[in-house]
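# Secondary and tertiary structure notes
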Amino acid sequence: MIELKNIEIGYHSALLSIENLVLETGKFYAIIGKNGIGKTTFIHTVLGLIPTIKGEIDINGQNIHQISANQRAKLVAHVPSKFEGVQHLSTRDFIAMGRAPYTNFLGKLAEEDWKLVDEISAELGIESFLHKDTSELSDGERQIASIAKALVQKTPVIVLDEPTAFLDYANRMSVQKLLQKVAKNANVCIIQSSHDLELCLEFADEMLIVEPNKKTIIPINRANCSKEKVIEIAF
Amino acid sequence: MRMSRNIVSWSLIILLLALILIHVNGGIFGFNFGKIFSSIFHFDANDQSLIIYRELRIPRTFMAIFAGMGLSIAGLLMQTLFNNPLAGPSVLGITSGASLCVAITMMTGISFFTSDIGIVMIALIGALIFSLIILFFSMFVKSQISLLLIGMMLGSFTSALIQVLQVSSQANQIKAFTLWGFGSMQQVNFNQIPLIFGVFIAGVFALIFLIKPLNLLVIGEKPTQLLGIQMKSFRMLIIVVTSIFAGLITAYCGPISFIGLAVPNMVKLLYKTQNHLQLIIGSALVGACTLLFCDLLILWIEPYFVLPLNAVTALIGAPVVVWIILKKF
């Protein structure tokens, strides 16, 4: 569970203010808002990359800005909008990087770590390209590998920054379906920023709409949400 | 794949041992283990052949091995830190920093700085300052090429400062500095080996703590930070280790170019991995073999004319760099 307690976020001045917001595990949240409204700043704040101006963000009761980078990596994982792939880095080794917060200073993975990597890869159905070089994967395959890496990290929260921005329609659909499934099956709180309104309305449990006038986030359950309503509030 | 990497490593170890034996014998095929052993452990100052081994050959071979290893590892660290296959201690101006400080000490003639510890310290400080300058600029420039150009500008700036120093220096000081600038494995004596070895081992020890973050860094700085690595302290440790290797070697051998740039790229081609434990071992082996081979060429050509080391490393390294540019840019 992630709790945002009376926070103000931004780099110098407050971009967004959120009074109180609780995001639960097992749910898939979609942040919707205009370009430049502060979605990425919100994501970077939740990831602990930038401090809050005011208030605190707790994940499972721990203030993420007052713990070490390693402790934070056990609470929140990140999937960027694009992973370019690295020559001579296999998909399996890339996914295994998600275990880094749990290894010692040498970074050597135990047998259980590799077992987890293979189990999650099997669950996501990506065994076919597990031994391929990441530089040879398609954009869709790389994105699923990034999600696998985040799952291997075994965190209660996974944050995705426009994960479907560079994908075609079929891949966008499959990634959204996958995230919906992962939130339920792995009991993870999934938060994604996206411009794919229709897909978010179809797959996400709750919309986190960034309201431009009050500069705050309004949570609306999918059951009570429509495309028109989101457009009216966010744009 | 792991099997083929092991074969590559073992082949390199055998090649390295062969090159060491030829090099320590003055470039001649034919070994005299007894003499080498005696020159180290039962040294007799009246035996001229032992003096040759102890004062000339062993320090020269030792320096070629450790300079090749150190510069290649420093190059690998820079290439991973800046995510740039053309990065290296000489390209980024780090050896220029060490050179500038050595030039100041040579031309001002302050006695502390011309002692062994003094020259190592001042070269390390110079390398460290210029590494920090490059690190500072890397926070503002996004393009890989821009950072290399800044490194080149640092090099030009340093050369200009050295020229200004030379104007007010004496002829013998300028001559000493110019010879040092050609790069050479012959400026080390037997008594300096423990100090060089000690500093080198300190750098290798610090490397152990870098392997895990370096392995993660290949996917980018932000992802590495989000996997639990404190980037600020990690970046500083990389800079310190690079400065130890680059500063130490520059102090004793002069500013050697191309090794730090070309060798890590050759190793990645050979090993086909992003595992930095293997890449470090590979860089150390290939770096030592390359520099021993370059110095052997000098030894073989020596009866006819004296070649500066930097000319040989450039003849071998420059085509490799052109190949990298054609392949990656």
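Bear in mind the structure is a predicted one, so any value in this text is a computation, not a measurement.

## Topic: the pattern of salt bridges
All names here are of chain A. Across all of its chains, the model carries 13 salt bridges over all chains by this definition. With a closest N to O distance of 4.0 Å, Lys5 and Glu56 form a salt bridge. Here the residue Lys5 occupies a position in strand E1 (residues 2-9), and Glu56 occupies one in strand E4 (residues 54-59), the gap between them amounting to 51 residues. Given the relative accessible area of 28%, Glu56 is considered partly exposed. With a shortest N-O distance of 2.9 Å, Arg99 and Asp113 are connected by a salt bridge. With Arg99 in the loop between helix H3 (91-96) and helix H4 (111-123) and Asp113 in helix H4, this residue pair connects regions lying 14 residues apart in the sequence. There is no split in this pair, since Arg99 and Asp113 are both buried. Here the salt bridges do not stand alone but share partners, grouping Lys5, Glu56 and Asp58 into one network.

## Looking at the interface of chain A and chain B
Facing the 24 residues of chain A at the interface are 21 residues of chain B. Both sides together, the interface formed by chain A and chain B hides about 1,900 Å², and carbon and sulfur atoms give 66% of it. Counting across the interface, chain A meets chain B through zero salt bridges. Across the contact surface, chain A and chain B share five residue pairs in polar contact (both at pLDDT 80 or more). For the side of chain A that touches chain B, the leading source of residues is helix H2 (residues 69-73) of chain A, giving three residues. Classifying every residue of the side of chain A that touches chain B gives 13 nonpolar, ten polar and one charged.

## Regarding the packing of helix H3 (residues 48-81) of chain B against helix H13 (residues 259-271) of chain B
Residues and elements named next belong to chain B. Two numbers describe how H3 lies on H13: the axes approach to 7 Å, and their chain directions differ by 75 degrees. Put simply, H3 runs roughly perpendicular to H13. Judged by residue contacts, Gly68, Leu71, Ser72, Gly75, Leu76 and Gln79 of H3 engage Ile259, Gly260, Leu261, Val263, Pro264, Asn265 and Lys268 from H13. Of the residues contributing to the contact of H3 with H13, the split by class is six nonpolar, six polar and one charged.

Rules of the game
- Residues numbered from 1 in each chain as written.
- Chains lettered and ligands numbered in written order.
- Predicted model: local features only at pLDDT ≥ 70, side-chain atom pairs only at ≥ 80, totals over all residues.
- Heavy atoms only, no water.
- Salt bridge = Lys/Arg side-chain N within 4 Å of Asp/Glu carboxyl O.
- Helix = DSSP H or I, 4+ residues; strand = E, 2+ residues; numbered from the N terminus.
- Buried < 20%, exposed > 50% of the residue type's maximum accessible area, 1.4 Å probe, protein only.
- Contact = heavy atoms within 4.5 Å.
- Buried area = accessible area lost by both parts, 1.4 Å probe.
- Polar contact = N/O pair within 3.5 Å; in protein donor to acceptor, adjacent residues only side chain to side chain.
- Nonpolar A, V, L, I, M, F, W, Y, C, P; charged D, E, K, R; others polar.
- Axes fitted to C-alpha atoms, helices over the stretch in contact; angles between N-to-C directions.
- Parallel < 35°, antiparallel > 145°, perpendicular 65-115°, else oblique.

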